[in-house]
Amino acid sequence: MRYVASASLSFGSLGLLRLFGASWSWSLAAGLSVYLGTGGWRYLYVVVRTAKRDINGLYVLMRVKLALWHHIRHRNTIPSIFAQTVARHPDKPALVYEATGETWTFTQLDQLSNSVAHWALSQGWTSGDVVALFMESQPLQVALWLGLAKVGVEAALINFNLRRDALLHCVGVSASRGMVFGAELADAMSEVSSSLSESMIRFCTGDLRPDQLATLKSQPLNNILASFPRHPPTYTLSKGFSDHLFYIYTSGTTGLPKAAIVVHSRYYRIAAFGYYSFRMRPNDIIYDCLPLYHSAGNIMGVGQCLINGLTVVVKKKFSASRFWEDCIKHNCTVVQYIGEICRYLLSQPVKLSERQHKVRLAVGNGLRPSVWEAFMERFGVRQIGEFYGATECNCSIANMDGKIGACGFNSRILPNVYPICLVKVNEETMELVRDKHGLCVPCQPGEPGLLVGRINQQDPLRRFDGYASQDATRKKIAHNVFKKNDSAYLSGDVLVMDELGYMYFRDRSGDTFRWKGENVSTTEVEGTLSSLLGLTDVAVFGVAVPGVEGKAGMAAIADSRGSFNCESFLREVQQTLPPYAWPVFLRISPCVDTTGTFKIQKTRLQREGYDPRLTTDRIYILNNRAGCYELVDEQMFSALEEGRMSL
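Residues numbered from 1 in each chain as written. Predicted model: local features only at pLDDT ≥ 70, side-chain atom pairs only at ≥ 80, totals over all residues. Heavy atoms only, no water.

Enquirer: Run through the overall build of the chain, naming residues and quoting values.
Expert: When helices and strands are counted, the chain shows 19 helices and 28 strands. For 647 residues, the compact-globule estimate of 2.2 N^0.38 gives 26 Å, and the chain sits close to it at 26 Å. When the 68 positive and 58 negative side-chain charges of the chain are each reduced to one mean point, those points stand 7 Å apart. (Helix = DSSP H or I, 4+ residues; strand = E, 2+ residues; numbered from the N terminus. Rg over C-alpha atoms; globule rule 2.2 N^0.38 Å. Lys, Arg positive; Asp, Glu negative; His and termini not counted. Charge placed at Lys NZ, Arg CZ, Asp CG, Glu CD.)

Okay, here's the thing in structure tokens:
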């Protein structure tokens, strides 16, 4: 814990050792008492199998918790913690911009962020004001939000893939007073410029002609920043560790993005958990190819730079073909992934460079179990640091010991140390199942359930800060979950826990559907079909058919080469999936929509269903009697809609 004073460190370490020993003794006593009380030898088996893992998890938990309380007590902020990092590593490379090869030392990053702070004050912005940042990933984006934070101004980090209504929504919901955009997004800005408030001050980074700047009613920020001092502003920050830092938007897989509130303590917590859970090292170099408008790229990645003094290589956009060459060029030891990135890398042709790197650790979430071992074996990466968590959630978990397929764990010995739980839900409606006392029903090992976390606003590990929209915040909170009159955060994700407490991601809220009396997990079917098709993009979802109970499975399959064969596909599906999970409908497309963070986007596909009039893609239906897929035309679609054709 290099960022606290040595006296605090010694005291904290001693306290950790005492707590560590006491907790271990307590866990043994608790395990023995439960064992004796229940006579369950299986419980003793769980204790023996998980004690080492749980001790490590408890150590990480308490180390982060003590650091959080230290920073709260001293009213620290992310900028003040960064100042300590700069003092320790003034000339060390902080950020490397892969696109240009430019290297920013910690001192240079600090000085530019100071210029940003002076500029913000000159605009009349004060603590609590919001400025939207709309640009592709680059070190300047970090300097901008960090400099704004030095004077209490909050950045709204907007997805650079958004256009028109979605872009306007994100700017509007954050109530931004100003906006900074990259010159590379001038076309996107021109589409919404006339709809933005006249009072919103706009600035452009990069090079645009004077006439373009005039059209977009913006000013050239690079030149402006160069005129401001590079020393810290004479400004007393009124914010503390529990106050707003910036906004990060949800991916919007099921609708318009929501602006999640990130407070200083949450930023620290996410970065610190990643550092200690996966045993990162002070001399690590991280390859960050994830968008900096997202928490994985900007907190789990860049956070290691700002808080722990690691060097981070920022990639403007993920490139599967350049991934390993970049890692070799910059001597990276840690890489980040999210969504389908690992599958995209596996689908690349084999090259010598993919085994000549120094990468030992890959950190991220969304790695499918079907590609987990293949990724490690092919690329020689020794450790996968898979975790589960959303920007706003209070129930993050991490896979600290490399259990294949697991996104994390919770102790079966001391489950209340970290009060999260899987609770039963109606998988079609996602309504919570409650017992006769009105409380939620915990799931047993092997039962799928919704992950929830008990809320305690006084505890930085348990607090839920919600969204800019109060209505959206209320929808994520349930009451009377663990006990009467409590409140808990609803993750919206269905997971399964095994006997040892390892948890496995099953589905996002609403993705599971019921067909032929069985619950179908879209995530599991997607993983199977993608493997059968050589790791291509596949989106699976349920569609309603008039007069038919449940929802029929539909698979949208990317086929850019036009080589998809229905007959061979069906043969393999019949050999690998149970009949109720066979796709009833197929949609063959040149590509499948994904979000900016490489998650499959299903909203449009679900809306269009199997209607051939709404798309030029080929749509097929499974004819079980004939044992083949048949093309759906308008006549067949009408027959299905009118109930004249039976499934």
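Moving on, there is more to tell.
Enquirer: How would you explain the confidence of the model for the chain if you had to name every residue and give the values?
Expert: With 92% of its residues at a pLDDT of 70 or more, the chain shows a mean pLDDT of 90. Overall, residues 1–24 carries pLDDT values under 50, and its contacts beyond four positions in sequence, including any with other chains, amount to 31 contacts. (pLDDT = per-residue confidence, 0-100. Contact = heavy atoms within 4.5 Å.)

Enquirer: Help me get a handle on empty space enclosed by the protein, residues and values and all.
Expert: Enumeration according to the criterion identifies four cavities of 30 Å³ or more in this entry. There is about 50 Å³ of room inside the second largest cavity. As for the second largest cavity, its lining consists of Phe 513, Val 520, Val 525, Val 540, Gly 553, Met 554, Ala 555, Tyr 580, Ala 581, Trp 582 and Pro 583. Here the lining of the second largest cavity takes three residues from strand β25 (residues 552–558), the largest share from any one element. (1 Å grid on protein atoms, 1.4 Å probe; cavity = no way out; pocket = protein on both sides within 12 Å on 5 of 7 lines; lining within 4 Å. Points joined across faces, edges and corners; volume = space filled by probe spheres on them.)

Enquirer: Tell me what's going on with the nonpolar core, and back it up with residues and numbers.
Expert: In terms of nonpolar packing, the biggest core is built from 128 residues, with Trp 119, Phe 134, Trp 145, Phe 246, Tyr 267 and Leu 306 touching the most fellow members. Among residues more than four places away in sequence, those in contact with Tyr 267 are Ile 78, Trp 145, Leu 245, Phe 246, Val 262, Asn 298, Ile 299, Val 302, Gly 303, Leu 306 and Ile 307. Counting 42 residues, the second largest nonpolar core, distinct from the first, contains Val 520, Ala 556, Ala 581 and Ile 600. (Core = buried A, V, L, I, M, F, W, Y, C linked by side-chain atoms within 4.5 Å. Buried < 20%, exposed > 50% of the residue type's maximum accessible area, 1.4 Å probe, protein only.)

Enquirer: How would you summarise the sheet that holds strand β10 (residues 285–288) if you had to cite specific residues and measurements?
Expert: If you trace the eight strands from one edge of the open sheet to the other, you get β2-β1-β11-β10-β12-β13-β14-β15, paired in mixed fashion. The sheet is open, and its two edges are formed by β2 (102–105) and β15 (397–398), each paired on a single side. Its contacts with the sheet place helix α14 (residues 369–379) against β13 (361–365) and β14 (383–388), and it is angled at close to 150° to β14. (Pairing = 2+ DSSP bridges. Axes fitted to C-alpha atoms, helices over the stretch in contact; angles between N-to-C directions.)

Enquirer: Before we move on, could you go through the pairing of strand β27 (residues 618–623) and cite the residues and values that matter?
Expert: Pairing of strand β26 (residues 585–589) with β27, which is carried by four bridges, proceeds in the antiparallel orientation. Looking across to β27, one finds that Phe 585 is bridged to Ile 621. Sheet analysis places β27 next to strand β28 (residues 628–631), joined by four bridges and oriented antiparallel. Note on β28: the bridge partner recorded for Asn 623 is Cys 628. Counting the residues in the hairpin turn of β27 and β28 gives four residues, including Gly 627, whose phi is positive at 70°.

Enquirer: Which residues make up the packing of helix α16 (residues 522–532) against helix α17 (residues 566–576), and what are the values?
Expert: Two packed helices can be described by the angle between their axes and the distance between those axes. One way to put it is that α16 packs onto α17 with a least axis distance of 11 Å and a crossing angle of 130°. One finds that α16 runs oblique with respect to α17. Of the two elements, α16 crosses α17, and the hand of that crossing is right-handed. Each of Thr 528, Leu 529 and Leu 532 in α16 lies in contact with α17, whose residues at this interface are Phe 569, Glu 572, Val 573 and Thr 576. (Parallel < 35°, antiparallel > 145°, perpendicular 65-115°, else oblique. Left-handed = near helix turned anticlockwise from the far one by under 90°.)

Enquirer: Please set out the layout of surface pockets residue by residue, giving values where relevant.
Expert: Here the idea is plain: a probe the size of a water molecule rolls over the atoms and shows the empty space left. Size it by volume and the second largest pocket reaches roughly 600 Å³. Residue lining of the second largest pocket: 22 residues in total, with Thr 536, Asp 537, Ala 558, Ser 560 and Arg 561 positioned closest to the centre. Counting only elements with at least two residues in the lining of the second largest pocket, the list comes to α13 (341–346), β25 and α17. Element by element, the count of residues in the lining of the second largest pocket is highest for α17, at three residues. Of the residues belonging to the lining of the second largest pocket, the class tally is ten nonpolar, seven polar and five charged. (Nonpolar A, V, L, I, M, F, W, Y, C, P; charged D, E, K, R; others polar.)

Enquirer: I'd like a rundown of the packing of aromatic side chains, residues and numbers included.
Expert: This model, assessed by the stated rule, comprises 22 aromatic pairs. Pairing Phe 246 with Tyr 267 gives two aromatic rings, centres 5.9 Å apart and planes at 80°, and the pair type is edge-to-face. Note that Phe 246 is positioned in strand β8 (residues 244–249) and Tyr 267 in helix α10 (residues 264–277), a separation of 21 residues in sequence. The same class applies to Phe 246 and to Tyr 267, which are both buried. Site record: aromatic cluster; members linked through ring pairs are Tyr 287, Phe 318, Phe 323, Trp 324, Tyr 344, Phe 375 and Phe 379. Of note, Arg 53 hangs over the ring of Tyr 502, and the distance from its end group to the ring centre comes to 4.6 Å. The ring of Tyr 502 is capped by Lys 403, whose NZ or CZ atom sits 5.5 Å from the centre of that ring. (Phe/Tyr/Trp six-rings, centres within 6.5 Å; stacked < 30°, edge-to-face > 60°. Lys NZ or Arg CZ within 6 Å of the ring centre and 35° of its normal.)

Enquirer: Lay out α14 in plain terms, naming residues and giving numbers.
Expert: Those residues of α14 not exposed but buried are Val 371, Trp 372, Phe 375, Arg 378 and Phe 379. Projected down its long axis, α14 shows its buried positions confined to an angular sector of 160°, all on one face. The exposed set on the far side of α14, more than 90 degrees from its buried face, consists of Pro 369, Glu 373 and Glu 377. Check the buried side of α14 and you find it contacts α12 (323–329), α13, β13 and β14. Phi for Gly 380, located one or two positions after α14, is positive at around 70°. (Arc of directions from axis to C-beta.)

Enquirer: Tell me about the sheet that holds strand β3 (residues 130–134), residues and numbers included.
Expert: Spatial ordering of the open sheet is given by β7-β6-β5-β3-β4-β8-β9, a layout of seven strands whose pairing is mixed. Where the open sheet ends on each side, the last strands, each with one partner, are β7 (218–220) and β9 (259–263). On average, each strand axis in the sheet is tilted by 25° relative to the strand beside it, whichever way the strands run. Sheet topology note: the β3/strand β4 (residues 154–157) ladder contains four bridges and is parallel.

Enquirer: Pulling in residues and values, what's your account of the packing of helix α5 (residues 139–149) against helix α11 (residues 295–308)?
Expert: One can describe the packing of α5 onto α11 by two numbers: an axis separation of 12 Å at closest approach and a directional angle of 75°. Taken together, the axes of α5 and α11 are roughly perpendicular relative to one another. Judged by residue contacts, Val 142, Trp 145 and Leu 146 of α5 engage Asn 298, Val 302 and Leu 306 from α11. Split by residue class, the contact of α5 with α11 holds five nonpolar, one polar and no charged.

Enquirer: Just give me the short version of unusual backbone geometry, but keep the residues and values in it.
Expert: The backbone of Ala 175 sits at a positive phi, close to 55°, despite the residue not being glycine. The residue Ala 175 is located in the loop between α6 (164–173) and β5 (178–182) in this model. A positive phi angle, close to 55°, is found at Asn 480, a residue other than glycine. In this structure, Asn 480 sits in the loop between β19 (477–479) and β20 (487–497). Asn 480 gets classed as partly exposed once you look at its relative accessible area, which sits at 23%.

Enquirer: Tell me about the pairing of β5, and name the residues and values.
Expert: Here β5 lies mainly inside the structure; five of its five residues are buried. Residues Gly 178, Val 180 and Gly 182 of β5 are buried on one face, and the alternating residues Met 179 and Phe 181, pointing to the opposite face, are buried as well. Pairing of β3 with β5 involves four bridges; the strand directions are parallel. By the bridge assignment, Phe 134 is partnered in β5 with Phe 181. Two elements, β5 and strand β6 (residues 201–205), share five bridges in a ladder whose sense is parallel. The partner of Gly 182 across the bridge, within β6, is Thr 205. In the classification by handedness, the crossover that spans β5, the intervening helix α7 (residues 186–192) and the parallel β6 is right-handed. (Right-handed = clockwise from strand over helix to strand, strands pointing away.)

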